[in-house]
Amino acid sequence: MNYIVVDTYEELGKKASNIIASQVIMKPNCVLGLATGSTPLGTYKYLAEMCAAGELDFSGVTSVNLDEYAGLDGSHEQSYRYFMDTNLFSKINIDRDKTFVPSGIAEDLEKEGQEYDRLIEGLGGIDLQLLGIGVDGHIGFNEPDSVFTAETHAVELDESTIEANARFFSSKDEVPRWAITMGMKSIIQAKKILLIANGQNKKAILEKAFNGPVDPMVPASILQLHPDVTVIFSEN
Ligand code: F6R
C-alpha cells in the first residue's frame, strides 16, 4: 500500500487530482468510481481546472458513484446526484449520459442494487475507485457490520454517519436514515483504489483500518486485501 501524508488539504486535492488525471490520460475511456462528501471537493476543483485549461479530456470517461440517500430524487440539493452534477459533472466535459449514481428513489432498492452491479460488470469493472472514509470506517455507505456485503444494497445509516452528515442539512432529523451503496465486490474489484481523508478526526480510524485486523466492523479494513491502494491523508 502506498500511504502518503501531506500537510494541507490543498496538497491532498492536488495529489489526488493528479492521480485521477493520470488515469484519464492513460486510458481515456476508463471507468472512474467516484465519491461525494467534503473530502473530494478540492480534488474535483482541480480536475475541473485541468479540464478548463484543456489539459484533461473526460469525453470518453464513464463514472459510477458509490452511493445515494434513499428517498432523495436527483434534483434534491442534498442528493449525491445533485452533488456530482454541481461539483464536478457540470464543470468537466464528461457525457452526462455516461455518469451513473444509484437511484435512491427506485421502488425496489434491492433490484436497483442488482441492476447497478450488472451495469458495473457490463462496463468491465472500475479502473480507479476514489473513496473517502467515515469516522466509523465506512467506505461508500458500507457501515460496520458482522459481514462484508458484496452486492450493491440498501443500508440503514449508523448514528455517527447521520451526525457527521447533518452538517449538510438544516437539521439532523432531515438526514435520510437509509441509503443505497455500492457493495464491497465492485469496490474491491476496482483495478486501483485511491482513498483520501483529511482532518484529525480521521486519524484513529485510518490507523484501525490499515494497521488493525481485517474486520467487517471496520469496513475500510477490507482494502488491506487489495493489491493497489493509495491512501492520501492530510491532518489539516
Ligand atoms: C460518499 C461516501 C462516504 C464518504 C465518507 C467521508 O459518497 O461514500 O463514504 O466518503 O462519509 O465523507 P467526508 O469526505 O464528508 O468526510
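Residues numbered from 1 in each chain as written. Predicted model: local features only at pLDDT ≥ 70, side-chain atom pairs only at ≥ 80, totals over all residues. Heavy atoms only, no water.

1. Things to note about the site of the ligand
Heads up, the condition is: Here a residue is near a molecule or strand as soon as one of its heavy atoms is found within 4 Å of it. Contacts described as polar in this section are N or O atom pairs within 3.5 Å, which, within protein, must combine one atom able to donate a hydrogen with one able to accept it, while residues neighboring in sequence count only if both atoms come from side chains. Reported accessibility uses the Shrake-Rupley method at a 1.4 Å probe radius. Residues are deemed covered only where the shown protein chains occlude them. Gly falls in the polar group here, along with every residue not listed as nonpolar (Ala, Val, Leu, Ile, Met, Phe, Trp, Tyr, Cys, Pro) or charged (Asp, Glu, Lys, Arg).
Close contacts around the ligand come from 14 residues, with Thr39, Asp67, His138, Gly140 and Lys202 the closest. His138 places a polar side-chain atom, nitrogen or oxygen, 2.7 Å from an oxygen atom of the ligand. One nitrogen or oxygen atom from the side chain of Lys202 is found 2.7 Å from an oxygen atom belonging to the ligand. Taking 410 Å² as the accessible area of the ligand by itself, protein coverage stands at 93%. In terms of residue class, the shell around the ligand is made up of 3 nonpolar, 8 polar and 3 charged.

2. Notes on a nonpolar patch on the surface
Going by this rule: Surface patches are drawn from residues lacking salt bridges whose relative accessible area is over 30%; two like charges belong together within 9 Å, two nonpolar side chains (Val, Leu, Ile, Met, Phe, Trp, Tyr) within 5 Å. What counts as a salt bridge is simple: a side-chain nitrogen of Lys or Arg found within 4 Å of a carboxyl oxygen of Asp or Glu. A run of DSSP states H or I qualifies as a helix once it reaches four residues; a run of E qualifies as a strand once it reaches two. Both are numbered from the N-terminal end.
The grouping of Met1, Tyr3 and Val5 at the surface amounts to a nonpolar patch, some 320 Å² of accessible area in total. Take Val5: it is sitting in strand β1 (residues 2-6).

3. Some points on the sheet that holds β1
Convention followed: Two strands make a pair as long as DSSP finds a minimum of two bridges between them. The contact rule is simple, with two residues in contact once any of their heavy atoms fall within 4.5 Å. Note on definitions: angles span 0 to 180 degrees between N-to-C directions of axes, and those axes are lines fitted to C-alpha atoms, for helices only across the stretch in contact.
Taking strand neighbours across the sheet as the criterion, the 7 strands line up as β1-β10-β9-β6-β2-β3-β5 in an open arrangement whose pairing is parallel. Strands with a single pairing partner mark the edges of an open sheet, and in this sheet they are β1 and β5 (99-100). In this sheet, strand β10 (residues 229-234) lies alongside strand β9 (residues 192-198) in parallel orientation, the contact comprising 6 bridges. Across the sheet, the residue bridging to Ile196 is Ile232, located in β10. Where helix α4 (residues 109-122) meets the sheet, its contacts fall on β3 (62-65) and β5, and the angle it forms with β3 comes to roughly 150°. Where helix α7 (residues 203-211) meets the sheet, it contacts β1, β9 and β10, and its direction lies at approximately 160° from that of β10.

4. Some details on the pattern of salt bridges
Short version of the rule: The buried label applies to any residue whose accessible area, calculated with a 1.4 Å probe on protein chains only, is under 20% of its type's maximum; exposed applies above 50%, and partly exposed to all values in between.
This model, assessed by the stated rule, comprises 9 salt bridges. Residue Arg96 is joined to Asp85 by a salt bridge in which the shortest nitrogen-to-oxygen separation is 2.7 Å. Residue Arg96 is located in the loop between α3 (80-87) and β5, and its partner Asp85 is located in helix α3; the two are separated by 11 residues in the primary sequence. A relative accessible area of 48% means that Arg96 is categorised as partly exposed. For Lys172, the salt bridge goes to Glu163, with nearest N and O atoms at 3.5 Å. Since its relative accessible area comes to 34%, Lys172 is described here as partly exposed.

5. Some points on the sheet that holds strand β4 (residues 67-69)
Reading across from one edge, β4-β8-β7 is the order of the 3 strands in this open sheet, with antiparallel pairing throughout. Looking at the sheet topology across the chains shown, the edges are occupied by β4 and β7 (153-156). Adjacent strand axes in the sheet meet at a mean angle of 25° when their direction is disregarded. As defined by bridge partners, β7 adjoins strand β8 (residues 178-181) across 4 bridges and the pair is classed as antiparallel. Bridge pairing in β8 places Ala154 opposite Ile180.

6. Overview of the packing of aromatic side chains
As a reminder of what qualifies: Whether two aromatic rings pair depends on their centres lying within 6.5 Å, for rings of Phe, Tyr and Trp, where Trp uses its six-membered ring; planes under 30 degrees apart make the pair stacked, over 60 edge-to-face, and the rest tilted.
In this structure the tally under the stated criterion is 5 aromatic pairs. The interplanar angle of 45° and the centroid separation of 4.8 Å between the aromatic rings of Tyr69 and Tyr80 together place this pair among those described as tilted. Placement of Tyr69 in strand β4 and of Tyr80 in helix α3 is noted, with a sequence separation of 11 residues between them. On the basis of relative accessibility, which here comes to 1%, the residue Tyr69 falls in the buried class. Look at Tyr80 and you get buried, because its relative accessible area is 9%. Between the aromatic rings of Tyr69 and Phe141, the centroid separation amounts to 5.9 Å while the plane-to-plane angle is 40°, which identifies the pairing as tilted. With Tyr69 in strand β4 and Phe141 in the loop between β6 (128-131) and β7, this residue pair connects regions lying 72 residues apart in the sequence. Aromatic ring contacts, followed pair by pair, group Tyr69, Tyr80, Phe141 and Phe169 into a single cluster.

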